[in-house]
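A closer look at the structure
Next come the chains, spelled out residue by residue.
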Amino acid sequence: MHPPNETAAPPPGSHSRDLHWMERALELARMGTALASPNPRVGCVLVSPDGRCVGEGWHSYDQRDHAEIVALRAAGEQARGATAYVTLEPCSHTGRTGPCALALQHAGVARVVVATEDPNPRVAGNGLRMLREAGIAVDCGTGLHAARRLNEGFARWIQTGMPFVTQKVALSLDGRIAPQPGLPGQGPFWITSEESRFTVQQMRHAADAVLTGIGTILADDPLLTDRSGAPRRRNLLRVILDSTLRLPLAAQVVQSADGDLVVCTVSQDEERVALLRGLGVEVQQFSPGVHGRLPLASVLEWLGQRQILDVMTECGSHLNGALLAQGLVDRCTCFVAPVILGAHALPAWGARDAADAAAAGNLSGMVSPNTPTEASESIQLPQARWSASGPDACCSALLRDPWPAEPVD
Ligand SMILES: NC(=O)c1ccc[n+]([C@@H]2O[C@H](COP(=O)([O-])OP(=O)(O)OC[C@H]3O[C@@H](n4cnc5c(N)ncnc54)[C@H](OP(=O)(O)O)[C@@H]3O)[C@@H](O)[C@H]2O)c1
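In this text, all values refer to a predicted model and were calculated from it rather than measured experimentally.

Another aspect to go through is the sheet that holds strand S2 (residues 53–58). Overall, mixed pairing links the five strands, which are arranged S2-S1-S3-S4-S5 in an open sheet. The strands lining the two open edges of the sheet, one partner per strand, are S2 and strand S5 (137–140). Averaged over all neighbouring strand pairs, the angle between strand axes comes to 15 degrees, with direction disregarded. Across four bridges, strand S3 (residues 83–86) lies against strand S4 (residues 111–114) in parallel orientation. Bridge pairing in S4 places Thr 83 opposite Arg 111. Its contacts with the sheet place helix H2 (residues 67–75) against strand S1 (43–47), S2 and S3, and it is angled at close to 150 degrees to S2.

Rendered as structure tokens:
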């Protein structure tokens, strides 16, 4: 499936050589974006003792075989004595396929370099142990950071059943997400640049579901589809939170529904429910949560039960604020544009009423206990990464690391 290539000899020195091949394995793992879920994205490279790549593989759910098996098949007899570079600990159990740790052993692989241990409690260290017990040299940790970032959704979901939530926000320099509502002559308004919107399409492509509120549908009538053009095995699930079923039947999301649109509601208006279902919209009814609202944690838990690992939110003020205040955001990715919208424009994280405002004032419990907080209402995010995005800046910050704090190796 992935023919071995004759890559030029990597730089000398064993650590830089390991890094070189692990970077290639990470590149392969990325090919599983939108194709591996609900399994993790994994890549593998087999390198002969004289430094040649003899086999490569990456995992796609529909092809069933794990990355190691694909690479071993490509290498054939050349796997004997080779070093395997794998972005995730080889599995030790029989699931849809047999244990990869055993397959590596049987193929005569001499050394295995692993980027990170598997967060799956059924594996977590057992694969590494199995390899070592078979006399194979094992090193763990090369490319650890990149490998972990690649599978944040899998790490959260496999340990808790909950999806990993990335809150995407496009905001002005003064922290606003939309102009003052109801201004005359208002048409579609893009805050951020074409480059940022291109990146948002890539983010949608990497997600299993995109979630927004009825406020955004009524204001913008977005389509919310993955228009990256890249292949995916499951449609991007579009999730609308709409307590009272105000969703217009003429909305673009409804008109384009194709088994990929879910409306979450607490409404018992069966007539309206039937109307929407007749148009191909899935309607999921929840018992009302606090203040009669949709219980956000239950919505996410339900998505987890549908094997949704990565949720990207593209909400307005109210849901941004509610999700953050309830500690349901794992990563926040903000695109900040050089534009000022003024004090009457919509704030990025708003409070709908006193209950939301009170919750928003209580940030404790929102981040892991070892995240330093300097004042009761501020959160320091020391791991935030800034990058340029055309004329905009992009800041992506992890609020809660889904990976176990202590690597097993
Ligand atoms: N720049 C950006 O990144 C960005 C992204 C998206 C939207 N926007 C802008 O945001 C504006 C809309 O903001 P918005 O706040 O009205 O929209 P929103 O946050 O998308 O939707 C808010 C609505 O969600 C519903 N909801 C359901 N369950 C909820 C819960 N548990 N907590 C809170 N709300 C819940 C509520 O209506 P019900 O009670 O009726 O269900 C609420 O009014 C638009 O102008 C849009 O352009 C900007």
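Across a regular strand the side chains alternate sides, sitting on one face of the sheet and then on the other. For S4 and S5, the ladder comprises four bridges, and the chain directions are parallel. Looking at the pairing, Arg 111 lines up with Ala 137 of S5. Crossover S4 to S5 through helix H4 (residues 126–133) is right-handed.

A word on the pairing of strand S13 (residues 331–337). A large share of S13 lies buried, amounting to six of its seven residues. Across six bridges, S13 lies against strand S16 (residues 392–398) in antiparallel orientation. When the sheet's bridge partners are listed, Phe 335 is paired in S16 with Cys 394.

Time to look at the site of the ligand. Near the ligand there are 29 residues, and of these Ala 178, Gly 213, Gly 215, Ser 243 and Gly 316 occur at the shortest range. Elements with a minimum of two residues in the shell around the ligand: strand S6 (164–172), strand S7 (176–178), strand S8 (209–213), helix H8 (214–220) and helix H12 (317–325). With five residues, H8 is the largest single contributor of residues to the shell around the ligand. For the shell around the ligand, the residue count by class is 14 nonpolar, nine polar and six charged.

The rules behind each value
Residues numbered from 1 in each chain as written. Predicted model: local features only at pLDDT ≥ 70, side-chain atom pairs only at ≥ 80, totals over all residues. Pairing = 2+ DSSP bridges. Helix = DSSP H or I, 4+ residues; strand = E, 2+ residues; numbered from the N terminus. Axes fitted to C-alpha atoms, helices over the stretch in contact; angles between N-to-C directions. Contact = placed C-beta atoms within 7 Å. Right-handed = clockwise from strand over helix to strand, strands pointing away. Buried ≥ 20, exposed ≤ 12 C-beta atoms within 10 Å, placed from the backbone. Near = placed C-beta within 6 Å. Nonpolar A, V, L, I, M, F, W, Y, C, P; charged D, E, K, R; others polar.

No statement about biological role is implied by the geometric values presented.
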